[in-house]
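Overview (structure and organization)
Take a look at the letters that make up each chain.
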Amino acid sequence: MSEKDILSLNDCTLCPRECHADRTTKYGYCGCDFNIYIARAAAHMWEEPCISGKNGSGAVFFCGCNLRCIFCQNKEISRFNEGFGDRYKSYTKDELCDIFLRLEDAGLNNINLVTATHYMPQVIAAIGQAKDKGLKIPIVYNSSGYEKKEAIKRLEGLVDVYLPDFKYISTDLSKKFSKAPDYGEYAKEAIDEMFRQQSKLVFSDEGLIKKGVIIRHLVLPGHTKESIGVLDYLYEKYKDNVYISIMSQYTPVSLIPEYKELNRKLTKREYEKVLNHALDLGIKNAYIQEGKVAKESFIPTFDGHII
């Protein structure tokens, strides 16, 4: 498959789902057609310190998702529900470019593209236009990790910071919770490509990240063994050449009858077990979450607000 085909919306194979939808006339697995739907584009203060800083990250929350985890904390915007256009305005790539420039003008630290996989052709065009118009702040690609390596290659030279999840190491959990038994296979290849592009961590004098890779892992209640396996893989593969963000913020937003362990928050003991393993491995470049971060108040209000 050529790189040109990867970016086609007429027969969509942008992501590992390869749903082959003609998104010029109908919706793909991600729940989106060719329109760009944005649930919010404004300052966001709840990312890692090197991303949010004091001024905030210019987070663009895109509607739709190609992974759609059963426990998604942003399911309000990740799930297709009678059409995103019923609630959110659609934007062209030119308008998306203008949004990027407005976020920079507002003094925010970066452009944070949250779940942009299924909009990659339009996003690539908008970034190019914005850079031609003088955009200087870093571009952060904030992803579920369920990506094609070939698609990530198209972002080379455009994205400064990669912020992927590495959700699962086992086929069992990725199949049960995300209907993606191949998640680990694709995430490993995609993150390897991200690291190839941005293998050196670069920070400003203020401690803001300018280039590099930060890999997030959300610890799920009842599944510390999975998290330990993820940390083992990541540290063996990348050592301290990346940052690993070990997250405790899991928040059950709706009951999941078939997986009762997901209907509660993570316990302090569970999180400490994972952190202790990280210490035992010798991980130095890590972010951890302290205090009570498992709150719905940490989930943004997706009201369609655009800065």
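Everything that follows concerns the structure shown earlier in this document.
Below: a short report on this structure. (Residues numbered from 1 in each chain as written. Predicted model: local features only at pLDDT ≥ 70, side-chain atom pairs only at ≥ 80, totals over all residues. Heavy atoms only, no water.)

**Focus: the overall build of the chain**
Here is the rule: Numbered from the N terminus, helices here are DSSP runs of H or I no shorter than four residues, and strands are runs of E no shorter than two. Using C-alpha atoms as the atom set, the radius of gyration is obtained and then compared with a globule rule of 2.2 Å times the number of residues to the power 0.38. Each residue's exposure class comes from its accessible area (1.4 Å probe, protein chains only) as a fraction of the maximum for that residue type: buried when under 20%, exposed when over 50%, partly exposed otherwise. Residue contacts follow a heavy-atom distance rule, with two residues in contact if any of their heavy atoms lie within 4.5 Å. The method behind every accessible area is Shrake-Rupley, applied with a 1.4 Å probe, and residues are considered shielded solely by the protein chains displayed. Under the counting rule used here, the positive set is Lys and Arg, the negative set is Asp and Glu, and His together with the chain ends is not counted. To locate a charge, the coordinates of NZ of Lys, CZ of Arg, CG of Asp or CD of Glu are taken.
A tally of helices and strands in the chain yields 10 helices and 10 strands. By the compact-globule yardstick of 19 Å for 307 residues, the chain fits well, its C-alpha radius of gyration being 18 Å. Each principal axis of the C-alpha atoms in the chain carries an extent, and together these give about 50 × 45 × 40 Å. Looking at the chain as a whole, 57% of its 307 residues qualify as buried. When contacts within the chain are restricted to residue pairs at least 6 apart in sequence, those whose partners lie at least 24 apart make up 72%. Split by element, the accessible area of the chain, about 13,700 Å² in all, is 48% carbon and sulfur. Computed over 42 positive and 42 negative side-chain charges, the separation of the two mean positions in the chain equals 3 Å.

**A few points about the pattern of salt bridges**
Formally: Every case where a carboxyl oxygen of Asp or Glu lies within 4 Å of a side-chain nitrogen of Lys or Arg is listed as a salt bridge.
Under the criterion given, the structure shown has 14 salt bridges. With a closest N to O distance of 3.1 Å, lysine 211 and aspartate 160 form a salt bridge. Taken together, the positions of lysine 211 in strand 8 (residues 209–218) and aspartate 160 in the loop between helix 6 (149–153) and strand 6 (161–164) put the pair 51 residues apart, joining distant regions of the chain. For lysine 211, a relative accessible area of 35% gives the class partly exposed. The salt bridge partner of arginine 196 is glutamate 193, with a shortest N-O separation of 2.8 Å. Remark: glutamate 193 and arginine 196 occur in helix 8 (residues 183–197); sequence separation between them is three residues, near one turn of the helix. Among the residues examined, glutamate 193 registers a relative accessible area of 2% and is labelled buried. Via salt bridges that share partners, Glu47, Glu48 and Arg216 belong to a single interconnected network.

**Quick word on helix 8**
Heads up, the condition is: Under the convention used throughout, the expected extent of a helix is 1.5 Å for every residue step, that is, one less than its residue count.
Over its 15 residues, helix 8 extends 21 Å from the first C-alpha to the last, a length consistent with the 21 Å expected when each residue adds 1.5 Å. For helix 8, the complete set of buried residues consists of Tyr183, Gly184, Tyr186, Ala187, Ala190, Ile191, Glu193, Met194, Phe195 and Gln197. Buried-residue contacts for helix 8 involve helix 6, strand 6, helix 7 (171–178), strand 8 and helix 9 (224–238).

**What about helix 9?**
For helix 9, which comprises 15 residues, the first-to-last C-alpha distance of 21 Å matches the rise-based estimate of 21 Å (1.5 Å per residue) to within 8%. Counting buried residues in helix 9 gives 11 out of 15 residues, a clear majority hidden from the surface. Among the residues of helix 9, those classed as buried are Thr224, Glu226, Ser227, Ile228, Gly229, Val230, Leu231, Tyr233, Leu234, Tyr235 and Tyr238.

**Quick word on the pairing of strand 9 (residues 243–247)**
Definition in use: Any two strands between which DSSP finds at least two bridges are classified as paired.
Of all five residues in strand 9, five are buried; the element is thus mostly enclosed. Residues Tyr243, Ser245 and Met247 of strand 9 are buried on one face, and the alternating residues Ile244 and Ile246, pointing to the opposite face, are buried as well. Here strand 8 pairs with strand 9 via five bridges, running parallel. Bridge assignment links arginine 216 to a residue of strand 9, and that residue is serine 245.

**What about the environment of asparagine 285?**
What counts, and what does not: By the criterion applied in these results, polar contacts are pairs of N or O atoms within 3.5 Å in which, for protein atoms, one can donate a hydrogen and the other can accept it, and in which residues neighboring in sequence qualify only through two side-chain atoms.
On the secondary structure map, asparagine 285 appears in the loop between helix 10 (268–281) and strand 10 (286–288). Here asparagine 285 falls in the buried class, since its relative accessible area comes to 17%. Residues asparagine 285 and valine 274, spaced 11 residues apart in sequence, show a C-alpha to C-alpha distance of 15 Å. Beyond its immediate sequence surroundings of up to four residues, asparagine 285 is in contact with Leu201, Asp240, Val242, Tyr243 and Ile244. A polar atom in the side chain of asparagine 285 sits 2.7 Å from the backbone oxygen of aspartate 240.

**Considering the side chain of serine 52**
Structurally, serine 52 is set in helix 2 (residues 49–52). For serine 52, a relative accessible area of 2% corresponds to the buried category. Polar side-chain contacts of serine 52 include one of 3.4 Å to the backbone oxygen of methionine 45. Residues within four places of serine 52 in sequence aside, it is in contact with His44, Met45, Trp46, Glu47, Ser57 and Asn109.

Read these as spatial facts, not as claims about activity.
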